[in-house]
Amino acid sequence: IETNNDLISSLEGQIENLNGSIDDLNSILTLGEDVILNGDFSNGAVFWSNTQAWSIISGQLCRAVNASNSYHPMQGSLTLPPGSYILSMDIGRHPTDDVFQGSLSPRIRNNTNTTDEIDVGNINSVGNNQVFTFTIPDNGVTYEMLWLTQDDFVGSIDNISLQSYSAVGGGTVSQEDYEALVLANEELIVFNDAYIDANSDLEDANNTLTLSNTNLT
């Protein structure tokens, strides 16, 4: 019981520190609504187009080793006024082929005009919460499509999110600030789960002690 109490006390301190870090980061960052529909592919490929030779496996958009073409998935009809944006997604190995190869290059573009498309970044490794920040200029072009261009990509895509963001009180927010916020929230979830488990263990230990005392009397 004493060990569990020490663990709970330690976890409470770490959770308090993380909450403070998250509050500090949230104080400089304001996120808009996620404009991507069905970014977790829980409804199959609904709202996504150009997904021939791709498949939905376990709620992920996947392209296999033997894919027969080079189609690039896209989602159009987005509302993307000029400003700063954060794009994030999870990239993994193909769930049945157990392979990752190639690369993925997200782009923002007009439905018909590719001349002024925005190259958001390049993804060539697996990892969750791969994050890119970019700016949509005020240049008269209507940007309304997320285009996932791929180069011999084999793997899985999940949890795509696209949000506008702004710095509280003006100024700028770095990609590092946003990544720190994501990491702090993930750590908070882990510590909260550990805190719940420790409290459950403590309750079990107390119940066992109570039963032992009852038997002694």
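Attention in this report is confined to the structure presented alongside it. (Residues numbered from 1 in each chain as written. Predicted model: local features only at pLDDT ≥ 70, side-chain atom pairs only at ≥ 80, totals over all residues. Heavy atoms only, no water.)

### Structural notes on the overall build of the protein
The cut-off we apply is this: Think of it this way: any DSSP run of H or I at least four residues long counts as a helix, any run of E at least two long counts as a strand, and we number them from the N terminus. Burial status follows relative accessibility: with a 1.4 Å probe on protein chains alone, a residue under 20% of its type maximum counts as buried, one over 50% as exposed, and anything between as partly exposed. The contact rule is simple, with two residues in contact once any of their heavy atoms fall within 4.5 Å. Residue-level accessible areas treat just the shown protein chains as cover; the underlying method is Shrake-Rupley with a 1.4 Å probe.
Secondary structure assignment for the protein yields two helices and nine strands. Of all 217 residues assigned to the protein, the portion counted as buried reaches 37%. Sequence-distant contacts in the protein: of pairs separated by 6 or more residues, those separated by 24 or more amount to 77%. Summing over all exposed atoms, the protein offers an accessible surface of approximately 11,500 Å²; the carbon and sulfur share of this is 46%.

### Brief notes about a nonpolar patch on the surface
Our working rule: A patch consists of residues whose relative accessible area exceeds 30% and which take part in no salt bridge; residues with like charges are grouped when within 9 Å of each other, and nonpolar side chains (Val, Leu, Ile, Met, Phe, Trp, Tyr) when within 5 Å. The salt bridge criterion pairs a side-chain nitrogen of Lys or Arg with a carboxyl oxygen of Asp or Glu, the two atoms within 4 Å.
Where nonpolar side chains cluster on the molecular surface, the patch consists of Leu37, Val46 and Phe47 and spans about 270 Å² of accessible area. The exposure class of Leu37 is partly exposed, given its relative accessible area of 42%.

### Focus on the environment of Pro73
Its place among the elements puts Pro73 in the loop between strand 3 (60–63) and strand 4 (74–75). Taking the C-alpha atoms as reference points, Pro73 and Thr51, separated by 22 residues in sequence, lie 5.1 Å from one another. With near-sequence residues (within four places) excluded, Pro73 lies in contact with Ser49, Asn50, Thr51, Trp54, Leu61, Leu146, Trp147 and Leu148.

### Remarks on the side chain of Asp158
Operational definition: Note on charges: Lys and Arg go in the positive column, Asp and Glu in the negative column, and His and the chain ends are not counted at all.
Along the polypeptide, Asp158 turns up in strand 9 (residues 145–167). Buried within the structure, Asp158 lacks any salt-bridge partner; Arg93 is the closest side chain of opposite charge, at an N-O distance of 15 Å. The residues contacting Asp158, other than those within four sequence positions of it, are Gly39, Asp40, Phe41, Gly59, Gln60, Met89 and Asp90.

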